[in-house]
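Below are the chains, spelled out letter by letter.
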Amino acid sequence: MSQRTVTLKFSDSDRTIELPIMEGTLGPDVIDTRSLSSQGILTYDPGFLSTASCSSNITFIDGDEGLLYYRGYPIEQLAEHSDFMEVSYLLMHGELPTAEQKVKFVDTVRHHTLLHDLMGSFFRGFRRDAHPMAVMVGTVGAMSAFYRDSSDPFDAKQREVAAYRLLAKVPTIAAWSYKYNLGEPFMYPQNRFDYASNFLYMMFATPSEDYQPNPVLARALDRIFVLHADHEQNASSSTVRVAGSSGANPFACVAGGIASLWGPLHGGANEATLTMLEQIGDASRIGEYIRRAKDKTDSFRLMGFGHRVYKNMDPRAAIMRQTCHDVLNELGLHDDPLFKLALKLEKIALEDEYFVDKKLYPNVDFYSGIVMRAMGIPNSMFTAIFALARTAGWVAQWMEMVASPEQRIARPRQLYTGSIRRDFLPMDQRG
Ligand code: SDX
């Protein structure tokens, strides 16, 4: 079949420009606009609503149908049958690991969980009340100074070691940022535990008593990691790709991803959602907050609701709601007032024409905070845990970007709306 094209026709001249159409394996076709700049034309798309920034084999999202696939596998099947280590391997290598590959991968990650001993003192430069995300941005970025032998993005072996170090050490950094807030001693990673159990250990164990992670909570936390592992070209993954496109080292790139994820419109929404539920407090006040969310003069938004791509239920939110049930039942908290409030808020919002018309549904951040709070994880750590899990996706996206023959430095242009040329004004002619 011949190359499909689209023709741009200018209304004020006979000029036409023919552009090729590119087709993926799933999802919308794209118009290849790369040739436009050489013809003096740019496209305009602040926020990238209609822009494919790259081609990728990693994650597919269908916003209308509410589908999410990691390397072709539906998130529902991975959440049910797989685990975070397997999913990390899948995202990075493109296939589910064999039993032998999984043992080797998990063992390699396990043997990278320790931090360089000097990094412990790095934490002590922060105020005790530093937000864990501030500590993570700084400390993950500082990994560039401690692991220079795995910083060259153009060396395949160094890329592989950096990937293991990030996957293995970010949980240690996240847990230690929590311990630092508490003023409790850092708990070193334990190779006898699986990935999620090890994180619970580093978060909640103390040197003065034996701590055994609850296996049901560990399984639930591992599932939360799976749900957050990757999500196509979201703001933080795009940040990692843009940073990486200049040849920046992987630790600096992931630090940039953590910084972007922190925003309340992105990964910070899980912390903001719980704060919102605590502010609403009681079902009798839901109407007031729904009204505020719809009021254009009010900056309040229903946190945990809406999504740039999903115009249907975020499939992760449905799995997270079920995980909520499982964890609250395990902990004997099935009457948790915040969970009941969240269920009521979801029901009312989904029956309100504003949310229905704008196709605003609960997203991954709506229930995740309730689950993590029930596990004893403080609100301030919710986004740090999102960052921990998304490190797998950031690393996979970065590896794909660095290896891509299409890749060039990301350098968007602009529509200039400032002053036309003018001459310098001496001081006595200003004002
Ligand atoms: C994540 O991109 C990803 O994949 C992200 C993520 C991932 O895994 O990486 O899925 C994780 O970040 C999930 C999103 C978490 N954020 C929140 O829950 C914050 C609340 N949601 C919104 O701020 C908003 O929905 C965004 C930021 C998620 C999406 O913003 P868009 O796509 O730019 O949409 P928009 O702001 O232009 O909203 C469209 C309309 C607007 O009304 P109109 O101007 O058309 O009249 O919907 C309204 C908005 O005012 N709207 C909301 C709303 N979200 C959108 N109104 C009230 N409450 C909301 N939550």
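Residues numbered from 1 in each chain as written. Predicted model: local features only at pLDDT ≥ 70, side-chain atom pairs only at ≥ 80, totals over all residues. Heavy atoms only, no water.

Comments concerning the environment of Asn-191
Mapping Asn-191 onto the fold places it in the loop between helix 6 (156-182) and helix 7 (195-204). On the accessibility criterion, Asn-191 (38% relative accessible area) is partly exposed. Placed 109 residues apart in sequence, Asn-191 and Ser-82 show a C-alpha to C-alpha distance of 20 Å. (Helix = DSSP H or I, 4+ residues; strand = E, 2+ residues; numbered from the N terminus. Buried < 20%, exposed > 50% of the residue type's maximum accessible area, 1.4 Å probe, protein only.)

Brief notes about the nonpolar core
Counting residues in hydrophobic clusters, the biggest one holds 121 residues, and the most contacted among them are Phe-84, Phe-199, Phe-225 and Leu-302. It is helix 17 (residues 382-403) that contributes the most residues to this core, 15 residues altogether. (Core = buried A, V, L, I, M, F, W, Y, C linked by side-chain atoms within 4.5 Å.)

Considerations on the pattern of salt bridges
Applying the stated rule across the entire model yields 22 salt bridges. Put simply, Arg-4 and Asp-29 hold a salt bridge, and the shortest N to O gap is 2.8 Å. Of the two residues, Arg-4 sits in the segment before strand 1 (5-9) while Asp-29 sits in the loop between strand 2 (16-22) and strand 3 (30-31), which places them 25 residues apart along the sequence. You can call Asp-29 partly exposed: its relative accessible area is 37%. One connected set of salt bridges, linked through shared partners, spans Arg-4, Glu-23 and Asp-29. (Salt bridge = Lys/Arg side-chain N within 4 Å of Asp/Glu carboxyl O.)

So, the domain arrangement of the protein chain
Entries for the protein chain in the domain assignment read domain 1 (5-52) and domain 2 (77-404). One C-alpha centre belongs to domain 1, the other to domain 2; they are set 36 Å apart. (Domains from an automatic or database assignment.)

Description of the sheet that holds strand 2
Sheet architecture is open: three strands sit in the order 1-2-3, paired in antiparallel fashion. Strands with a single pairing partner mark the edges of an open sheet, and in this sheet they are strand 1 and strand 3. Relative to strand 3, strand 2 runs antiparallel, the two sharing two bridges. Opposite Met-22, over in strand 3, you have Val-30 as the bridge partner. (Pairing = 2+ DSSP bridges.)

Some words on the packing of aromatic side chains
Under the counting rule described, the total for this entry stands at 22 aromatic pairs. An angle of 75 degrees between the planes, with centres 5.1 Å apart, marks the rings of Tyr-354 and Phe-355 as edge-to-face. Taken individually, Tyr-354 and Phe-355 each receive the classification buried, so the pair is uniform in this respect. Residue placement shows Arg-192 over the ring face of Tyr-201; its charged tip is 5.7 Å from the ring centre. (Phe/Tyr/Trp six-rings, centres within 6.5 Å; stacked < 30°, edge-to-face > 60°. Lys NZ or Arg CZ within 6 Å of the ring centre and 35° of its normal.)

Description of the site of the ligand
Near the ligand you find 24 residues, and of these His-231, Leu-302, His-307, Arg-308 and Arg-316 are the closest. Note that an oxygen atom of the ligand is positioned 3.0 Å from one of the side-chain N or O atoms of Asn-363. Compared with its free state, where it exposes 1,100 Å², the ligand has 77% of that area covered by protein. Of the residues in the shell around the ligand, the class split is ten nonpolar, seven polar and seven charged. (Near = heavy atom within 4 Å. Polar contact = N/O pair within 3.5 Å; in protein donor to acceptor, adjacent residues only side chain to side chain. Areas by Shrake-Rupley, 256 points an atom, 1.4 Å probe, with all protein chains shown as cover. Nonpolar A, V, L, I, M, F, W, Y, C, P; charged D, E, K, R; others polar.)

Thoughts on the sheet that holds strand 4 (residues 59-62)
Strand pairing in a sheet relies on backbone hydrogen bonds. The paired strands run either parallel or antiparallel. A sheet is described by the order of its strands in space; here three strands give the open sequence 4-5-6, paired in antiparallel fashion. Bordering the open sheet on either side are strand 4 and strand 6 (73-74), each of which pairs with just one other strand.

Quick word on unusual backbone geometry
Even without being glycine, Phe-48 reaches a positive phi, approximately 55 degrees. As for its position among the elements, Phe-48 is in the loop between strand 3 and strand 4. A positive phi angle, close to 55 degrees, is found at Lys-359, a residue other than glycine. Topologically, Lys-359 is positioned in the loop between helix 15 (353-357) and helix 16 (364-374).

Considerations on the pairing of strand 5 (residues 67-70)
Burial of strand 5 is one-sided: the residues Leu-68 and Tyr-70 facing one way are buried, the residues Leu-67 and Tyr-69 facing the other way are not. Relative to strand 5, strand 4 runs antiparallel, the two being bridged by four bridges. Bridge pairing in strand 5 links Asp-62 to Leu-67. Hairpin connection between strand 4 and strand 5: a loop of four residues separates the two successive antiparallel strands, and Gly-66 in this loop has a positive phi of roughly 70 degrees. Direction of pairing for strand 5 relative to strand 6: antiparallel, over a ladder of two bridges.

Here's the deal with helix 10 (residues 250-261)
Its twelve residues give helix 10 an end-to-end C-alpha distance of 16 Å, which sits within 8% of 16 Å, the value for a rise of 1.5 Å per residue. The complete set of buried residues in helix 10 reads Pro-250, Phe-251, Cys-253, Val-254, Ala-255, Gly-257, Ile-258 and Leu-261. Elements in contact with the buried residues of helix 10: helix 5 (132-146), helix 6, helix 9 (235-245) and helix 17. A distance of 2.9 Å separates the backbone nitrogen of Phe-251 from a side-chain oxygen at the start of helix 10, and that oxygen is part of Asn-249. (Expected span 1.5 Å × (residues − 1). Contact = heavy atoms within 4.5 Å.)

Some words on the environment of Phe-339
Turning to its location among the elements, Phe-339 is positioned in helix 14 (residues 337-350). The exposure class of Phe-339 is buried, given its relative accessible area of 3%. Put simply, Phe-339 and Tyr-367 are 28 residues apart on the chain and 8.0 Å apart in space, counted from C-alpha to C-alpha. Here Phe-339 is in contact with Arg-321, Cys-324, His-325, Leu-328, Tyr-367 and Ile-370, once residues within four sequence places are set aside.

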